[in-house]
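Commentary on secondary and tertiary structure
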Amino acid sequence: MPRTGVAGSTGRPDPGTVRSMASPTGTSDAPFGRMLTAMVTPFTADGALDVDGAQRLAAHLVDEQRNDGLVVSGTTGESPTTSDAEKAMLLRAVVEAVGDRATVIAGAGTYDTEHSVALARSAERAGAHGLLLVTPYYSKPPQEGVHRHFTTVADATGLPVMLYDIPGRTGVPIAVETLIRLAAHPRIVAVKDAKGDFFASSQVMAATDLAFYSGDDALNLPWLSVGACGFVSVVGHVVGGELASMIDLYLTGRVEGARETHRRLLPVIAGIMTRTQGAIMAKAALRLVGRPVGPVRSPLVDATREQENLLRVDLVAGGVKLSD
């Protein structure tokens with residue numbers, strides 16, 4: 001159905017135009033592609049940004065793990081502990097490596113609207129295809145503040161925006177009414193949902209044409225069943241191809257095959273997403289498959305030997321081939 005509240009008199013770009021410009025892999029119903037990974041940020045052994053490693057990882061995710069999009073400098077990318085200069089450098093490197101064949105989305109959300117605007121403009125200059133904006137965290141703004149924050153940042157650039165609804169981290173959900181209002185903005189085109197309220201999100205999908213992406217790997221298949229167009233995954237670092245196949249199977253009516261894939265990947269999801277913080281275990285998983293990306297930055301801590309041993313068992317159970 002038509003986007004709620006959008007009219008030709010706004011003077012802003014037509015939403016269809018924004019969608020078509022979003023990325024090399026976007027479509028009208030999946031503006032940022034379908035299989036995206038929230039990419040970890042590689043660091044050197046001494047904790048410095050590893051630009052070459054980021055380019056190698058991005059190419060691996062796109063060319064070997066069937067990702068048609070990457071999120072750079074999200075929470076899994078340890079954005080709270082990278083500087084603005086590092087974020088820009090990382091983004092330019094990833095765009096250079098894969099930007100001709102995959103969507104590159106820049107995490108630009110903070111709990112400070114002015115800072116988020118600055119990050120959004122920097123991302124646009126660095127060549128990002130879109131922005132990921134998380135709900136302002138910690139300060140717990142009211143819904144009017146949430147609305148003003150998102151629209152202010154969306155107004156600051158010409159890039160399409162994916163909102164990130166994750167109240168478990170931010171403390172504040174994006175209410176149904178707020179999402180419907182935000183859908184009126186021609187550059188706010190998608191939602192990454194880690195709230196898991198299928199009824200609320202179904203209401204938004206019924207009232208707008210916002211594209212929804214699963215932001216919770218445990219719920220990837222259920223999300224497809226209520227209308228999500230794709231995933232923004234963490235386990236996609238090691239099973240991106242399997243997740244892409246799950247999407248293909250579901251969208252072509254082979255639901256039983258999608259269900260089998262979902263069940264086969266349960267150990268991988270449990271190993272990476274339930275034992276400790278996701279970025280920690282995603283980096284540990286990459287080490288186990290022979291693609292080391294360096295340590296995490298404090299206050300995160302690297303996986304313990306015990307955690308890695310458990311993860312090794314989980315990955316093997318999920319069919320992931322480990323390095324020798």
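Cut-offs and rules
- Residues numbered from 1 in each chain as written.
- Predicted model: local features only at pLDDT ≥ 70, side-chain atom pairs only at ≥ 80, totals over all residues.
- Heavy atoms only, no water.
- UniProt positions renumbered as here; feature names shortened; annotations may be inferred.
- Helix = DSSP H or I, 4+ residues; strand = E, 2+ residues; numbered from the N terminus.
- Buried < 20%, exposed > 50% of the residue type's maximum accessible area, 1.4 Å probe, protein only.
- Contact = heavy atoms within 4.5 Å.
- Axes fitted to C-alpha atoms, helices over the stretch in contact; angles between N-to-C directions.
- Parallel < 35°, antiparallel > 145°, perpendicular 65-115°, else oblique.
- Left-handed = near helix turned anticlockwise from the far one by under 90°.
- Nonpolar A, V, L, I, M, F, W, Y, C, P; charged D, E, K, R; others polar.
- Expected span 1.5 Å × (residues − 1).
- Bend = angle between axes of the 7 residues up to and from the residue.

For the rest of this paragraph, the subject is the UniProt feature "active site" (unreviewed entry) in the protein chain. If you check UniProt for "active site" (unreviewed entry), the listed places come out as Tyr164 and Lys192 in our numbering. The largest pairwise C-alpha distance within this set of annotated residues, which runs over 29 residues, is 4.7 Å, so the set is compact in three dimensions. One can find tyrosine 164 in strand E5 (residues 161–165). Given a relative accessible area of 8%, tyrosine 164 falls into the buried group. With residues near it in sequence (within four places) discarded, tyrosine 164 still touches Leu132, Leu133, Val134, Thr135, Ile174, Lys192 and Ala194. Along the polypeptide, lysine 192 turns up in strand E6 (residues 188–193). When sequence neighbours within four positions are dropped, the list of residues in contact with lysine 192 reads Leu132, Met162, Leu163, Tyr164, Asp165, Tyr213, Gly215 and Val232.

Relative to each other, helix H10 (residues 236–251) and helix H11 (residues 255–264) sit at 155°, their axes nearing to 7 Å. Between H10 and H11, the crossing angle belongs to the class labelled roughly antiparallel. Of the two elements, H10 crosses H11, and the hand of that crossing is left-handed. For the pair H10 and H11, contact is made by Glu242, Met246, Leu249 and Tyr250 and by Val255, Gly257, Ala258, Thr261, His262 and Arg264, respectively. Considered class by class, the residues forming the contact of H10 with H11 number five nonpolar, three polar and two charged.

Moving on, we get to H10. An ideal rise of 1.5 Å per residue puts 22 Å on 16 residues; H10 reaches only 19 Å between its terminal C-alpha atoms. A maximum bend of about 35° is found in H10 at glutamate 242. Buried within H10 we find Gly236, His237, Val238, Val239, Gly240, Gly241, Leu243, Ala244, Met246, Ile247 and Leu249.

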